[in-house]
Each structure stands twice: as structure tokens, then as C-alpha cells.
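Read off the chains here:
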Amino acid sequence: MARKKINESSEETRVPERVTAEVIEEIKVALVQKKAALSRNINSELDEMRTAAEGHHLADMDDLGGDANDEETNYKILEIESAELDQIDYALERIDNGSYGVCEECEKPINPERLRALPFASLCITCKRSQEAAEG
Ligand SMILES: [Zn+2]
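What you see is a predicted model, and the numbers here were worked out from it, not measured in a lab. (Residues numbered from 1 in each chain as written. Predicted model: local features only at pLDDT ≥ 70, side-chain atom pairs only at ≥ 80, totals over all residues.)

Chemist: I tried to follow the overall build of the protein chain on my own but got confused; where do I start?
Modeler: On a plain count of helices and strands, the protein chain comes out with 4 helices and 0 strands. Each of the 136 residues in the protein chain was classed as buried or not, and the buried ones make up 9%. The long-range share in the protein chain, meaning contacts at least 24 apart out of those at least 6 apart in sequence, stands at 61%. (Helix = DSSP H or I, 4+ residues; strand = E, 2+ residues; numbered from the N terminus. Buried ≥ 20, exposed ≤ 12 C-beta atoms within 10 Å, placed from the backbone. Contact = placed C-beta atoms within 7 Å.)

Chemist: How should the environment of Ala21 be read in this particular structure?
Modeler: With respect to the helices and strands, the residue Ala21 is situated in helix H1 (residues 21-56). A tally of 9 C-beta atoms within 10 Å means that Ala21 is categorised as exposed. The sequence separation of Ala21 and Ile95 amounts to 74 residues, and the corresponding C-alpha distance is 9.7 Å.

Chemist: I'm lost on the environment of Thr20 in this one. Help?
Modeler: Its place among the elements puts Thr20 in the segment before H1. Taking the number of C-beta atoms within 10 Å as the measure of exposure, Thr20 has 11 and is therefore exposed. Considering only alpha carbons, one finds Thr20 and Gly101, 81 residues apart in sequence, at a separation of 9.0 Å.

Chemist: Sorry if this is basic, but what is going on with the nonpolar core here?
Modeler: One broad rule of soluble globular proteins: the nonpolar side chains tend to lie buried together. Counting 6 residues, the largest nonpolar core is built from Val19, Ile27, Ile110, Leu115, Ala121 and Cys124. Apart from the residues lying within four places of it in its own chain, the contact partners of Ile110 are Gly101, Val102, Cys103, Leu115, Ala121 and Cys124. (Core = buried A, V, L, I, M, F, W, Y, C linked by C-beta atoms within 7 Å.)

Chemist: So what exactly am I meant to see when it comes to unusual backbone geometry here?
Modeler: The general pattern is negative phi for most residues beyond glycine and trans for most peptide bonds. The phi dihedral of Glu107 falls on the positive side, at around 60°, and the residue is not glycine. As for its placement among the helices and strands, Glu107 is situated in the loop between helix H2 (64-97) and helix H3 (112-117). Looking at Glu107, the number of C-beta atoms within 10 Å reads 10, which means it is exposed.

Here it is as C-alpha cells:
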């Protein structure tokens, strides 16, 4: 049996290595693709909502309740998607100006593992946790 305890105690204090240019390039490609897919989604949802809104003029009053719910759900999805789009834009901006992969709060490098899992993370896990704790 191999022992895998060597790094365990130093894990917490170890300064994460800064994300490499290769990984950033990889993340950038993924972000650009995600952005294109999201933009397409948002556009088709907007189209659908426009069509649905036009349909309202012809709909019976009885149906409006259900439609309003649908609309609310659509708005929520759109809201989430456009927030995500903003985050992608922001991440791409940071990649372009060279500040990507550095925590906005403490200016330490963000763990590359974290960036791979969460490409638009702009805070390191420590700052993110204390921010979440502050927000409750
Ligand atoms: Zn930080």
C-alpha cells in the first residue's frame, strides 16, 4: 500500500502555483465557446418571449396566469444567462489584460484547479469563503 500522507499537512498553507499560459489559453477557448452558446440561447429565448408577448393579445384572460408564470421563468433564466455572459466577458477581459488568475481581493494567484472548475472565478477560495460568510 502506498502512503499518500506526505502533502496533507502542507496543503492549507501552500501557495498555489499561478495558472499557466497553456491553461489560460484552454480556459479562454472554453469561455469563447460558452459565450457563443449562451448568446444563441439568449437570442432564441428573447425571440420566443417576443412571440409569446404578441400571442397575449389573442389569448383568453383565463390563460394569462399560466403564461405569466412561464414568462417569469423565462425572465429568470435570461437573467441567469446574461449574468453568466457578463462574467464570461469579464473573465475574457481579464485574460486580455493579464490579470486573469489573480484574486481581486488579496492579489494572490487563484488555484489553477479552481479556475478549471470555475473559469470565471475572480476571487481565490479563501476570499470567496470570507465573502460568502459576510453575506450570510
Ligand atoms: Zn484572495
